[in-house]
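Okay, here's what each chain looks like letter by letter:
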Protein chains: 2
Amino acid sequence: MNMDEFKRELSLNAEKVTAVIKNDAFPDKIEPDFLKEAVRDYPLQGGKRIRSALLSWSCGALGGNPVSARFAAAAVEIYHNWTLVHDDIIDDDPMRRNAPATHAKLAESLAGESNANTKTAKKFGRDFAILAGDIQQGWAAATLLKSMEAGISKEAVLLLSKLLHSEVTVPLISGEALDVEFSHPRPTPPTSEEVERMLSLKTGALLRFCAIAGAVIAIDTSPQGEELRKSNYDSILSDARVAALAEFAGTAGTAFQLRDDWLGVFGDEKTVGKPICSDISEAKPTILLLETISSLNGDELKSFRSFVGRKSLSLSEIDEIRRLTEKSGAADRVNKKALTLLDDAKTRLNAITASRFKNLLHRWVDFLIDRKY
Amino acid sequence: MNMDEFKRELSLNAEKVTAVIKNDAFPDKIEPDFLKEAVRDYPLQGGKRIRSALLSWSCGALGGNPVSARFAAAAVEIYHNWTLVHDDIIDDDPMRRNAPATHAKLAESLAGESNANTKTAKKFGRDFAILAGDIQQGWAAATLLKSMEAGISKEAVLLLSKLLHSEVTVPLISGEALDVEFSHPRPTPPTSEEVERMLSLKTGALLRFCAIAGAVIAIDTSPQGEELRKSNYDSILSDARVAALAEFAGTAGTAFQLRDDWLGVFGDEKTVGKPICSDISEAKPTILLLETISSLNGDELKSFRSFVGRKSLSLSEIDEIRRLTEKSGAADRVNKKALTLLDDAKTRLNAITASRFKNLLHRWVDFLIDRKY
């Protein structure tokens, strides 16, 4: 499968998921209207919908029909989006996907409507964005429960709902909290191992859930799964193929994060979607930055440190950052680790028999790592 | 049943619910430790646990064993508490139950630990309190799902989970949003009807759910419920006794709100638990305040308006507020309406056969209305 075919499939998945979210009546009764709009905003914008694609194709790869997974696929996208709404408040980030973030849009709507001052409008925006995310979290859980309408058994729906709360919400929010903590003034910066662990909680937990949910739905709905279902639903989770898909997703997530660090310094602005070296100018403790700092010393370390947190970076400064990052050996180490993990992830797929969906999963991780395509 | 017996039963319920919450492993893996503590804080403090009492006794009143309802009872308390954590951020309220609110406690912990300035510490507190509430929402949903361990059928657990998200989260958060909106500067104040509707969303939806959940669990677990269960689980909701209990709870909630308005002006500080006329000094648009304003005119209206939003009120000013509230007729109207609704609520219980649990529900609404006992 070439990358164009893959991208067509990815768009098709996004369209289907968007249609499920759009047609869902859950937000209909929300008041006032501006809150209803805020609740629908991010989930309908979408983005690439990589999480629902992972879920649908994991389902397909174990012989399931991705149509049965449509509500679960919509649920993970709504879920991902509520975490973004709250993240954007916490990071005080005014933009998301080239549009105003939920809290910023709500603040603007008040500032436009009355002659509220900026501080009042900002608080209004934050307050309602907290509430919008709160409803979205409920919406995600309710959408997963709707899976029964797609022919999923009660046992599977209950198992997945339990996993969503305890195996996604707890690690994901813990990861977010650690991320916030790392950025606050503290006596010592986190180590790169601490950051890697934080990222596996913050982004890995939901990716693992997507793979597991797709796999569980496949086993739940396919005739071949009968034996496994009869034993005990929790035992589905120890099935070798389910475990392999979960590892595939988790490893892919870590590879993505490392590669993202690298692209943030060495990629080009258009592909990456944010200014080059923005992590450094925001003093964000990425693995690449921490590795660079721990591998430099003397004047080079001093020079590199002087760029961290500097609001705007000139082209020659960016060149110097690149030079020092390479010189330290960190660039190479981080990039190599990302590519090794990419291979590891693909190796996990050996546990799955060949199919079009398996090919899609191969391409999915390629796409995740290298957004050049 | 006298009020002392009732209060013993209420404490007993609170103890049992607290034990279920305390022994629950859901928060164990939360990181960092201060977030774990914040997540457990409000749910373990408790308060009177009136929601879980309503749920347990509604279960008992329809012939169920409240022990089967223990996870659902814990779930509604955890649920109520996550909404308080987010409410307290939004209202910028530093205290809850005579102790620092979650966001204030988190802010203090940072301010004490490092030499962060107040603004940074306040933001830290708010950010982590958002995350604490987010995890608590998941915890509530997960605890409800645990009901299967108490012998509740999968069908009942799925039905109640669906109701929690769509029939509680949507109206409750909509009510909270309307409440916030009413307090923001706007061209015209809300009408007392708008406020009554807001309150029925904000507090009534969860109370109705408590009654319904208790009733559904009773029908689900008792031999008498077999016929009803066989037809269709959703049909349980239209059973006359379930509907009566839901109306009982919703009506009691509105009566409580009106009586709370009245006690806020005419009660005594110790019983009410907040300064007399604090709603008026905070310019909170209560039904009593709106009714008073719409029934006064001329100098009396002008005089009354001059007290609204005044930070501290003298004893003679409180006397004048009381005089004007009575003179307008609003005091009498609001109090009478509260007592009429109290009677209405009790009348709903006629649909239920006599039992100790029915007596407890009678006392429950008395206790809610008049906290003198």
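Conventions we followed
Numbering of residues starts from 1 in each chain and follows the order in which that chain's sequence is written. Written order determines the labels here, with chains lettered from A and ligands numbered from 1. Totals for whole chains, interfaces and linings use every residue, but because this is a predicted model, local features are given only for residues with pLDDT of at least 70 and side-chain atom pairs only at 80 or more, for both listing and counting. Working definition of a contact: two residues with C-beta atoms, positioned from the backbone, lying within 7 Å. Secondary structure is summarised from DSSP: a helix means a run of H or I of at least four residues, a strand means a run of E of at least two, and numbering begins at the N terminus for each. Classification used: nonpolar for Ala, Val, Leu, Ile, Met, Phe, Trp, Tyr, Cys and Pro, charged for Asp, Glu, Lys and Arg, polar for all others including Gly. In this comparison the copies share one frame, found by least squares on the C-alpha atoms of residues holding pLDDT of at least 70 in both. pLDDT expresses how confident the predictor is about each individual residue, on a scale running from 0 to 100. To count as a nonpolar core, a set of buried Ala, Val, Leu, Ile, Met, Phe, Trp, Tyr and Cys residues must be joined through C-beta atoms within 7 Å. In this scheme every C-beta is placed from the backbone, and a residue whose C-beta has 20 or more other C-beta atoms within 10 Å is buried, one with 12 or fewer is exposed, and one in between is partly exposed. Here the bounds of each domain stem from an automatic or database domain assignment. Here an angle of 0 to 180 degrees is reported between the N-to-C directions of two axes, which are lines fitted to C-alpha atoms, with helices fitted over the stretch in contact. Geometric relationships in this document are graded by angle, where less than 35 degrees denotes roughly parallel, more than 145 denotes roughly antiparallel, 65 to 115 denotes roughly perpendicular, and other angles denote oblique. Helix crossings get a hand from a simple test, with the near helix turned counterclockwise from the far one by less than a right angle marking a left-handed crossing and a clockwise turn marking a right-handed one. Take the residue count of a helix, subtract one, and multiply by 1.5 Å to get its expected span.

### Details of the interface of chain A and chain B
With 43 residues of chain A in contact, the opposing surface of chain B contributes 43 residues. Looking at the side of chain A that touches chain B, the elements with two or more residues in it are helix H4 (70–90), helix H6 (118–145) and helix H7 (154–183) of chain A. In terms of residue count, the dominant contributor to the side of chain A that touches chain B is H7(A) (17 residues). Each residue belonging to the side of chain A that touches chain B can be placed in one class, and the counts come to 23 nonpolar, 10 polar and 10 charged.

### Concerning the relation of the copies chain A and chain B
With an RMSD of 0.1 Å, chain A superimposes on chain B once it is rotated by 180° and translated 0.0 Å along the axis. The relationship between the two copies is best expressed as a two-fold rotation axis. Interface overlap between copies: 100% of the residues of chain A at the interface are likewise at the interface in chain B, consistent with a symmetric, same-surface contact.

### With respect to the confidence of the model for chain A
Of all residues in chain A, 97% attain a pLDDT of 70 or more, and the chain-wide mean is 93. With a pTM of 0.96, the predicted complex shows an ipTM of 0.96.

### A closer look at the nonpolar core
Core analysis: the largest hydrophobic core is formed by 242 residues, its most contacted members being A:Ala72, A:Val216, B:Ala72 and B:Val216. The two domains that each donate at least three residues to this core are domain 1 (8–233) and domain 2 (239–373) of chain B. Beyond its immediate sequence surroundings of up to four residues, B:Ala72 is in contact with B:Leu55, B:Leu144, B:Ser147, B:Leu160, B:Ala213 and B:Ile217.

### Some words on the environment of B:Ala345
Residue and element names in this part refer to chain B. Take Ala345: it is sitting in helix H16 (residues 330–348). On a C-alpha basis, the gap between Ala345 and Leu158 in space is 28 Å, while along the polypeptide they are 187 residues apart. Look past the residues within four positions of Ala345 in its chain and what remains in contact with it is Phe248, Thr251, Ala252, Ala255 and Val365.

### Quick word on the environment of B:Lys7
By secondary structure assignment, the location of B:Lys7 is in helix H1 (residues 3–22). Measuring from C-alpha to C-alpha, the distance between B:Lys7 and B:Trp364 comes to 9.3 Å, with 357 residues separating the pair along the chain.

### Describing the packing of helix H13 (residues 287–295) of chain B against H16(B)
Residues and elements named next belong to chain B. Between H13 and H16, the least distance of the axes is 9 Å, while the angle of their chain directions is 140°. By the angle between their axes, H13 is oblique relative to H16. When the axes of H13 and H16 are compared, the crossing they make is right-handed. Mapping the contact onto sequence places Ile287, Leu288, Glu291, Thr292 and Ser295 in H13 and Ala330, Arg333 and Val334 in H16. A class-by-class count of the residues in the contact of H13 with H16 yields four nonpolar, two polar and two charged.

### Details of the environment of B:Leu341
All names here are of chain B. Along the chain, the position of Leu341 falls in helix H16. Taking C-alpha positions, Leu341 is 33 Å from Ala101, a pair spaced 240 residues apart along the chain. In contact with Leu341, not counting residues within four places along its chain, are Thr251, Thr254, Ala255 and Leu258.

### Examining helix H3 (residues 50–61) of chain A
Side chains three or four residues apart in an α-helix point the same way, a direct result of the helix having 3.6 residues per turn. Residues and elements named next belong to chain A. The terminal C-alpha atoms of H3, which comprises 12 residues, lie 16 Å apart, in line with the 16 Å expected from a rise of 1.5 Å per residue. Among the residues making up H3, those that are buried are Ile50, Arg51, Ser52, Ala53, Leu54, Leu55, Ser56, Trp57, Ser58, Cys59, Gly60 and Ala61. Tucked inside the fold, the buried residues of H3 contact helix H1 (3–22), H4, helix H8 (192–221), helix H10 (240–266) and helix H17 (356–369).

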